[in-house]
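Each chain, written out:
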Amino acid sequence: MKQNVFFVSGIDTNIGKSYATAYLARLWNEQGCRTITQKFIQTGNPEGYSEDIELHRRLMGMDYLPEDEQELTKPEIFSYPASPHLASQIDHRAIDFDKIKRATDTLSRGYDAVLVEGAGGLMVPLTEDFLTIDYVQQEGYPLVFVTSGRLGSINHTLLSFEAIERRGIKLHTVMYNMFPEGEDKIIQEDTEGYIRRYIDKHFPGAEFVKVPCL
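The residue numbering used here restarts from 1 in each chain and proceeds along that chain's sequence as written. Owing to the predicted nature of the model, reporting of local features is limited to residues with pLDDT of at least 70; listing and counting of side-chain atom pairs is limited to 80 or more, with chain, interface and lining totals taken over all residues. No hydrogens and no water enter the side-chain calculation; it runs on all heavy atoms of the structure.

Asker: What am I meant to see in the overall build of the chain here?
Answerer: What the chain contains, in helices and strands, is eight helices and eight strands. Restricting the calculation to C-alpha atoms gives the radius of gyration, and the globule rule supplies 2.2 Å times the number of residues raised to the power 0.38. Here the C-alpha radius of gyration of the chain, 16 Å, is about what a compact globule of 214 residues would show, namely 17 Å. Projected onto its principal axes, the C-alpha coordinates of the chain cover approximately 45 × 40 × 35 Å. Type-normalised accessible area, obtained with a 1.4 Å probe on protein chains alone, sets the label of each residue: buried when under 20%, exposed when over 50%, and partly exposed for intermediate values. Put simply, the chain has 214 residues, and 54% of those count as buried. Should any heavy atoms of two residues lie within 4.5 Å, those residues are counted as being in contact. In the chain, the share of contacts with a sequence separation of at least 24, taken over all contacts with a separation of at least 6, comes to 76%. Exposure was quantified through the Shrake-Rupley algorithm and a 1.4 Å probe, taking into account, for residues, occlusion by the shown protein chains and nothing else. For the chain, the accessible surface area stands at approximately 10,100 Å², while carbon and sulfur atoms represent 49% of it. The numbering of helices and of strands both runs from the N terminus, where a helix is a DSSP run of H or I of at least 4 residues and a strand a run of E of at least 2.

Right, here's the structure in full:
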C-alpha cells in the first residue's frame, strides 16, 4: 500500500469532522491530488447507507462514486447511533477490521490520497479493549485533527495532542473548523492563536488549515 492514507479525528463528536473531511478532500482535489474519503465505521445508519459519505460527496461537488456503490468507502455500517463498540454489540456483529483494511488498501491503490474519517474522538472505543487511537497507531496513519473555536476546545485539543505525542503518531494537519457560525468571536480568535502557537512549538511540521463555512 502507498503511504497516502490519512486518518481524520477530532476533539469530540459533533465537532464537524465530516464537514472538515469533505473540505480537505475538495481542497486537495483542486490542487491536483486525487483524493477520496472513507468512513471506516458508520453508526446510526441502515445497512448500505452512510450519511457521512453522502455529505462528503455533496460538499466535494460530486456524485456518488463507483467506490461508494461498491461500499469500499463505507465498509462497516451499524444501525444504532452509538460508539462503534456499543453499536456492534447491539447489532450482534463484531467489527470486521480485515474488511476495513482491504477496502482502505484498495482505495489507496486507486487514488493519490485517502482521508479515513473516524467516529468521534481518539479515545472512542472500537471494542472493549481497542480504542480509535490504538487503530491509528497500529496502522501508522498520519493524523488530520479537527478542532474549533468553541469554549473548551483548547483543553480537548491539548489532551489529544499529548496522547498522540505519547503514542508517536504523526500530526499531519490541524483543521480549525469555523462551522457552524455563531461562535463567540473573542474566544474563537484567542483559541486559534493559542493552538497555532502550541503546534509551532510541539508539532512544527504540521499544517494548519482554517475550514470556512461553505
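Asker: Would you take a moment to explain the nonpolar core for this structure?
Answerer: The tendency in soluble globular proteins is for nonpolar side chains to be buried as a group. The set of buried Ala, Val, Leu, Ile, Met, Phe, Trp, Tyr and Cys residues whose side-chain atoms join them within 4.5 Å is what this entry labels a nonpolar core. Core analysis: the biggest nonpolar cluster contains 60 residues, and Phe 161, Ile 164, Leu 171 and Met 175 have the highest contact counts within it. Counting residues per element, this core draws most heavily on helix H1 (residues 17-30), at seven residues. Look past the residues within four positions of Ile 164 in its chain and what remains in contact with it is Leu 122, Ile 133, Leu 143, Ile 169, Leu 171 and Phe 203.

Asker: Where do I start with helix H2 (residues 51-60) in this structure?
Answerer: In an α-helix, one turn spans 3.6 residues; hence positions three or four apart end up facing the same way. Considered for burial, the residues of H2 that qualify are Asp 52, Ile 53, His 56, Arg 57, Leu 59 and Met 60. Structurally, H2 contributes buried residues whose contacts are with H1, strand E2 (35-39), helix H3 (66-69) and strand E3 (113-121). One or two residues past the end of H2 sits Gly 61, with phi positive at roughly 75°.

Asker: Just checking my understanding: could you explain the sheet that holds strand E7 (residues 171-177) for this structure?
Answerer: By way of backbone hydrogen bonds, the strands of a sheet pair with one another, either parallel or antiparallel. At least two DSSP bridges between two strands are required for those strands to pair. In space, the six strands of this open sheet follow the order E2-E3-E1-E6-E7-E8, with parallel pairing throughout. Looking along the sheet, the strands with just one partner apiece sit at the ends: E2 and strand E8 (207-211). Each adjacent strand pair in this sheet contributes to an overall mean axis angle of 25°, direction not counted. Where strand E6 (residues 143-148) meets E7, six bridges bridge the pair, whose relative direction is parallel. Within the sheet, the bridge partner assigned to Leu 143 lies in E7 and is Leu 171. Think of each axis as a best-fit line through the C-alpha atoms, taken over the contacting stretch in the case of a helix, with angles from 0 to 180 degrees between the N-to-C directions. H2 rests against E2 and E3 of the sheet, and its axis sits at about 160° to E2. Set on the sheet, helix H7 (residues 153-167) makes contact with E6 and E7; between it and E6 the angle comes to about 165°.

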